[in-house]
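Overview (structure and organization)
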Amino acid sequence: MTPNGRFRLLVVGVGGQGVLSVARVLGEAALAEGKPVVLGQLHGMSQRGGSVESTVVIGPGYSSFIGPAAADALLALEPIEALRAVPRLSRRARVVISTGKVPPFTLAQKGLPYPDLSGMLSALREATCEVVTLDGPAIARAAGSSRSLNLVMLGALAALQILPLDPQSIVRVVESACPGGPAGRRAFALGMKAVSP
Amino acid sequence: MLLLGNEAVVRGAIEAGVAFASGYPGTPSSEVTDAFARLAKRAGIVFEYSVNEKVAIEMAFAASLAGARAITAMKHLGLMVAGDPLTTIPYIGVRGGMVIVSAGDPSCLTSPNEQDQRYLGPMLHIPVLDPTTPQDALTLTRLAFELSERSSLPVLLRITTRVAHTRAPVLYGALGTREVRGFERDPRRLVPIPANARVMRMQIPKRLDTARRTMEELFRVEGEGACIVLASGAPAATCADVLHELGAEANVALATMRGVYPFPEQALVNLLRRADKVLVLEELSPFIEDTLLALSARHGLSVTTLGKRSGHLPEPFEYTPEIIARALFDAFGLGTPHSATAPAPGTADLPARPPVLCSGCPHRATYFAARAAFPEDQLFFSDIGCYTLGFGPPLDTADALLCMGAGFTLAAGVSRMTGKRTVGFMGDSTFFHSGIPPLLNAIKESVSMVAVILDNGVTAMTGFQESPATGLENGKITHRAPIADVARALGANDVQIVDPVKDLAGTILAFEGARDAKGVSVIVVEHPCPVWESRLTGAPSSRTIFEIDPDRCATCGRSGCGMRCDLDISRGHERHMARSRALEGWTAAAPEAAWPQPVAPCAVHCPLGLCVQGYAGHIAAGQYERALALIMSRLPLPDSVCRVCHKPCEEVCVRAGHDGPVAINDLKRFVMDWAARRERLPYDPPKEPDHDRSVAVVGAGPAGLAAAHELRLRGYAVILYDAEAEPGGLLRYGIPQFRLPPDALRRDVDRILALGVAFQGGCFLGRDIKLSALVESHSAVFLALGAQMPARLDLPASPGAPPHLDALAYLKRAKDGGLTTARRVVVIGGGNAAVDAARTARRAGALHVLIAYRRGREEMPAIATEIDAAAEEGIEVRTHLQPTALAAGGVVFARTQPGAPDASGRPRPLVVEGSEELYETDLVLLATGQSPALDDLALERTDGGGLRVDSETAATSHPRVFAGGDLAGGARTVTEAIAWGLRAAWGIDRSLRGAEASDRRPPAPLMSAWPHPQTQRTRYRRADNVWRQAPPHLLPDTRADSFDEVVGALTEAQARTEAARCAVCGMCGNCRACIDLFGCPAFYLADGHVAIDPGACNGCGVCVVFCPNGAIRPALERS
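This is a predicted model, so every value here is computed, not measured.

Let us now look at the overall build of chain B. When helices and strands are counted, chain B shows 39 helices and 43 strands. Here chain B has a C-alpha radius of gyration of 42 Å; the compact-globule value for 1119 residues is 32 Å, and the former is much larger. Projected onto its principal axes, the C-alpha positions of chain B cover 135 × 65 × 55 Å. Burial statistics for chain B: of 1119 residues in total, 54% are counted as buried. Pairs at least 24 residues apart make up 77% of the contacts formed inside chain B by residues separated by at least 6 positions.

In structure tokens:
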């Protein structure tokens, strides 16, 4: 968190993964705690399988920008998108990444495989405070809905207590207004469990 | 509540008692209309998605005249569409408060341009409000209605993406009451004919003055510091955050202009008087900055204005905290200088992830069909919607783009100026928005173009808003305004409706029909957006998804016999293959299993195993150089073979029983003639370095020439011996020049000799050279003598019988120019030599020529088209005639009838007793077959008397002597002889160099070595019917006394049409059509192989239908 009290979370992923819903739940949780919050989201063409990001800024203020080296945390629903966000991360940033790959179509067109990101991921571990990875799609499948990857990752984020929010406020929003139905709630719970000691 | 800025606008309007709402969706404004669509019924608001922004504004104005508060929403581009009504509304004045929400898009995040709507204020006399946050959007919207009613002017609420799409807690106000006061008749105030308009104009300054008072009230200054910042819109909020972050709030007075027009002049002057410099923070154009400069001049103020004009801030794009912080430092020394942050290592190389059409999108199938139907250089014009994503590879269906509705206008204008038939694409919603006038315009002018309307039932790009074409009734999609009927009503005569997902073949053919039509063709593509559909139904649009069959994907059936080409193919070639497969009209629900075959029937039956579909595909794609390379890598005598081949391939072509076999040899001829016109042959065969081994090749016919060529490529020294003075053998001395002109043969022979093959003519084996000596002086010997010995036909000859001559000797004499003229000629035999001799005799002046054959016409070994050509030239062909004697003045023939099968399996011709008859003639030519002269060769024989030769390596009983062609028996054609030559070269190389021998494998003996010899003509299904193209022929009358070549070459257009008829019956190892042409995001590459991501596949099945290799199959059922 910055000295004057704003916490900046960057949520990134691929169009269709549910990045905006994750941000929305966190916003509602902050609101329930009476904490000032602003969410930034980009709509439009990014929905068609493009890169999507949403920002969650908790603390007094108006703007939803997260500039270079300004993010306190990153929730990434896809590894390439996680690495694309690296220049936005501060050194103290805590990072949660779903390792499930979504190959960008540009690769197939060029005849290229999904890149080997291990080198860059270890560089990311060096450059930030903490990196947690988990196989989000596998957990989502175990929960019974491959579309609930975003809730798995949200559960992990909540359990890691990275945000200046009580995990229970997030749980309550998920339970009262969960977009994914029972499978979504299961996914959220499994995500929490996956990172709990 | 957490609301988006757009939703806050709606809340503000409802709090203000709005009674009417309209709009046209467009990012970043869409959530305004979407929220009204959700809430209207409950809130008692009359709402509509208008067909375009002009209608939306007019509807809102009409509602205002009816005494209701009205709001309308659109993006910045849409406001320009509505320009015309907007200009006159301030003259007439509003009754109920009227608010226009227009969302701007700094940084062009989802738009083709940025534009600064604030200038419309002074231009059209319209008050402009500029909210800074979602909360501010609510407050200002509510206020805008009051402002509008007080001033009688419509109010423009301009928001930008950063406000519209920020979600923040918003405090609600009290809900107001709705009121519709009714329409008051007052034509003099409401009809702006010029006399009235001049009166109305005079009222505008007063109205603006009223509005100005509100703007003064909205002006807000926070902080008392000495550094003055004047901001508007989102940057005002961002600046407050930056100051807070810097802890610099005490140093700054931050003034926010929430009402930007009419200018709050008093407040501004007051502000300027306090300062010696002021920093203006506003996105896009220097609207406020220039006003300040003018105000300073007018009021004699000495303040320095910093901003865009002074270079402290950039003009384009959104203002981030970093930009604002830098400006604060530069202007006032606040904070610290920003250092440029270096990008993290490697992140620049991450693959981009641009938006693409969704998996299962019908637009992709439409574009695929269009690209399959139109030539590669076709011009396509696009429009605004999801389908704009046809831009770029692999679909490449957007050559230009302008604005809503311009897809058709651009297509029409370019067509009129270039004379090229163009294609314009447009979505259903866009068509109704502004596509109808350009279509009508094109029809009126009879423009040569194809107008394609992509009707997916919904305005998908902006979030699935309804389209005028379709509506929902009880959750089912219903048609309201059928687009095809609209097009017909506009005067379009050629209107087709297609569904590329259900019927890809029909869609391709519809595009091809439109391509060839004149004037305006309209194609309406109807298939609902599957994403929308599954949102409606709550179920995936298909339960079946698909996977790749790795045994078929990018698999060449020739790999198993070492004959895979490993040559690249072009996009055009892939498109030809995919189009051809798609035209078979199978569906994903009922695909043809096990098709195509690993190797096409034509290739299986080709003695050389040529990949016919490969070079046909290159020709179809206009890639003649690639076609040439594919032919010449397997065929050393292409200029000859493309004229004299017996074409077993065409007999087995799947189109043979339908619209005619593909003219395979004519295609080869086209490529060779194309190559002959080049200055330099655009093909260099791969040649290994020379080594010290040498081979003697005896016989310079097709087998010998082919072996010599192949052995030179394998690095051997080759001496080619022949009894004749010139190389060519049968090609030179046995085939008449009207079938094989000397120039064509010379090209083949010269190319081979140019590789460094030494030729020694006039060497007769056994007389001038001895086999034993050749074996002594060379590493190996290849005997390719051919069959020079005429077959015996022992006939009793009476005195006075006509002279008789061997047909090959006659043909050779013709080449030498020593023909004698006979008035009447009888040719005995049914092979190519017989037909060639007969046709030569005709050209030499014979008035009557008869070909007599002892079996039936079907059994004649000669090439059928050659027999036909002979008949056309007036040569009589009679079958079932057996010569019994040469009598005075002629030949005695007996009739035959078919008896029991002989050793060859054919019915043995039996002479009918007593049917003998004399045929008068001056010359008898015997063409009853030749046999090789073997007498001197001390090599092992077969029972039949031929040499015992290994059918795969041409090896004889002597380890260093190889033999092929006629010597080995069975080689009755030029093409088969060449195959023997290649096998001999391979056999020799392997026996001499063992494992070092080049791996380039020769064609296997016919069919036996193919991994899948069962390939048959079992299957034929096509949506198209295209007749075989015929090359030009000399007319029978002219050619019967000329030795000029009878058959010409296909024209380029004919060749490409003919090549595109190839049904691509075999699998291709170089294919990646799914990724290269279709580009569905469900495809990815894993270990170099195409794979389908089951999570991404939508199950549309279009790829199953066109996959050239038939390699896509149903996978699991989705739950």
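So, on to the overall build of chain A. A count of helices and strands for chain A gives eight helices and six strands. Seen in sequence order, chain A has helices and strands lined up from the N terminus as β-α-β-β-β-α-β-α-α-β-α-α-α-α. Taking 2.2 N^0.38 as the reference for a compact globule, 197 residues should give roughly 16 Å; the C-alpha atoms of chain A span a radius of gyration of 16 Å, in line with that estimate. Each principal axis of the C-alpha distribution contributes one length, and for chain A these read about 50 × 40 × 40 Å. When the 197 residues of chain A are sorted by exposure, 59% land in the buried category. If you take every contact in chain A between residues at least 6 apart in sequence, the share linking residues at least 24 apart comes to 68%.

All names here are of chain B. Look at helix H7 (residues 134–151): 25 Å from first C-alpha to last across 18 residues, which is about the 26 Å you get at 1.5 Å a residue. Taking burial as the measure, the 18 residues of H7 include 14 buried ones, the bulk of the element. Ser152 sits one or two positions beyond H7 and adopts a positive phi of about 60°.

Let us now look at the interface of chain B and chain A. Opposite the 47 residues of chain B that make contact, chain A presents 48 residues. Of all the elements in the fold, those that place two or more residues in the side of chain B that touches chain A are strand E8 (166–169), helix H11 (234–246), helix H14 (321–332) and strand E41 (1083–1086) of chain B. Tallying contributions element by element places H11(B) first for the side of chain B that touches chain A, with six residues. Here two bridges tie strand E2 (residues 37–41) of chain A to E8(B), and the two strands are oriented antiparallel to one another. The partner of A:Gly40 across the bridge, within E8(B), is B:Thr166.

This part is about the nonpolar core. Membership of the largest hydrophobic core comes to 245 residues, with the highest contact counts inside it found for B:Phe782 and B:Val827. With ten residues, helix H35 (residues 974–993) of chain B is the single largest residue contributor to this core. When sequence neighbours within four positions are dropped, the list of residues in contact with B:Val827 reads B:Ala807, B:Ala834, B:Ala837, B:Ala838, B:Val849, B:Leu850, B:Ile851, B:Leu925 and B:Ala927. Core analysis: the second largest hydrophobic core is formed by 179 residues, A:Ala23, A:Leu74, B:Ile100 and B:Leu268 among them.

All names here are of chain B. Taking strand neighbours across the sheet as the criterion, the five strands line up as E30-E38-E31-E32-E33 in an open arrangement whose pairing is parallel. Only two strands of the sheet have a single partner each, and these edge strands are strand E30 (804–806) and strand E33 (876–879). Averaged over all neighbouring strand pairs, the angle between strand axes comes to 20°, with direction disregarded. Note: strand E31 (residues 824–828) against strand E38 (residues 923–926), four bridges, orientation parallel. Bridging from a neighbouring strand, Val825 pairs with Leu923 of E38. Here helix H32 (residues 807–816) sits on the sheet and contacts E30, E31 and E38; the angle it forms with E30, its principal contact strand, is near 80°.

Another aspect to go through is the environment of B:Arg207. Residue and element names in this part refer to chain B. Mapped onto the elements, Arg207 comes out in helix H10 (residues 194–218). The class of Arg207 is buried, set by 20 C-beta atoms lying within 10 Å. In this structure the C-alpha to C-alpha distance between Arg207 and Leu153, which are 54 residues apart in sequence, comes to 7.0 Å. Excluding its chain neighbours within four sequence positions, the residues that come into contact with Arg207 are Ser151, Ser152 and Leu153.

Per-residue confidence for chain A averages 90 on the pLDDT scale, and 94% of its residues sit at or above 70. Per-element confidence in chain A is highest for strand E4 (residues 71–76) of chain A, whose mean pLDDT is 97, and lowest for helix H4 (residues 118–127) of chain A, whose mean pLDDT is 86.

Before going further, it helps to examine the packing of helix H6 (residues 149–159) of chain A against helix H7 (residues 167–177) of chain A. Residues and elements named next belong to chain A. Closest axis-to-axis distance for the H6/H7 pair is 9 Å, and the angle between their directions is 155°. One way to sum up the angle between H6 and H7 is to call them roughly antiparallel. Remark: the crossing between H6 and H7 carries left-handed chirality. Taking contact as the criterion, the partners of Leu151, Ala158 and Ala159 in H6 are, on H7, Pro167, Ile170, Val171 and Val174. Its residues assigned to classes, the contact of H6 with H7 comprises seven nonpolar, no polar and no charged.

Residues and elements named next belong to chain B. For helix H37 (residues 1052–1059), every residue scored as buried is listed here: Ala1055, Arg1056, Glu1058 and Ala1059. Relative to the axis of H37, the buried residues are bounded by an arc of 165° and lie together on one face. The inward-facing, buried residues of H37 contact helix H23 (612–620) and helix H27 (664–676).

Keep in mind that low pLDDT regions are not for reading the predicted coordinates in detail. Here chain B averages 92 in pLDDT, and 96% of its residues register 70 or above. In the model output, the complex is listed with pTM 0.93 alongside ipTM 0.96.

Note: strand E1 (residues 2–4) of chain B against E8(B), three bridges, orientation antiparallel. The partner of B:Leu3 across the bridge, within E8(B), is B:Ala168.

All names here are of chain B. On the basis of which strands lie adjacent, the open sheet formed by seven strands has the order E3-E2-E4-E5-E7-E6-E12 and mixed pairing. Edge positions in the sheet fall to strand E3 (46–49) and strand E12 (259–261), since each of these pairs with one other strand and no more. Across two bridges, strand E6 (residues 128–129) lies against E12 in antiparallel orientation. Among the inter-strand pairings, Leu129 is bridged to a residue of E12, identified as Gly259. The strands touched by helix H3 (residues 53–65) within the sheet are strand E2 (20–23), E3, strand E4 (70–75) and strand E5 (98–104), with E4 carrying the most contacts at an inclination of about 165°.

Note on placement: A:Gly144 falls in the loop between helix H5 (136–143) and H6. A sequence separation of 38 residues divides A:Gly144 from A:Pro182, and the C-alpha atoms of the two residues are 9.3 Å apart.

This part covers the packing of helix H1 (residues 5–15) of chain B against helix H2 (residues 30–43) of chain B. Residues and elements named next belong to chain B. Following both chains from N to C, one finds H1 and H2 inclined at 35°, their axes separated by 8 Å at the closest point. For the element pair H1 and H2, the recorded crossing hand is right-handed. Across from Asn6, Glu7, Val9, Val10 and Ile14 in H1, the residues of H2 making contact are Glu31, Val32, Ala35, Phe36, Leu39 and Ala43. Of the residues in the contact of H1 with H2, the class split is eight nonpolar, one polar and two charged.

Rules used in this analysis
Residues numbered from 1 in each chain as written. Chains lettered and ligands numbered in written order. Predicted model: local features only at pLDDT ≥ 70, side-chain atom pairs only at ≥ 80, totals over all residues. Helix = DSSP H or I, 4+ residues; strand = E, 2+ residues; numbered from the N terminus. Rg over C-alpha atoms; globule rule 2.2 N^0.38 Å. Buried ≥ 20, exposed ≤ 12 C-beta atoms within 10 Å, placed from the backbone. Contact = placed C-beta atoms within 7 Å. Expected span 1.5 Å × (residues − 1). Pairing = 2+ DSSP bridges. Core = buried A, V, L, I, M, F, W, Y, C linked by C-beta atoms within 7 Å. Axes fitted to C-alpha atoms, helices over the stretch in contact; angles between N-to-C directions. pLDDT = per-residue confidence, 0-100. Parallel < 35°, antiparallel > 145°, perpendicular 65-115°, else oblique. Left-handed = near helix turned anticlockwise from the far one by under 90°. Nonpolar A, V, L, I, M, F, W, Y, C, P; charged D, E, K, R; others polar. Arc of directions from axis to C-beta.

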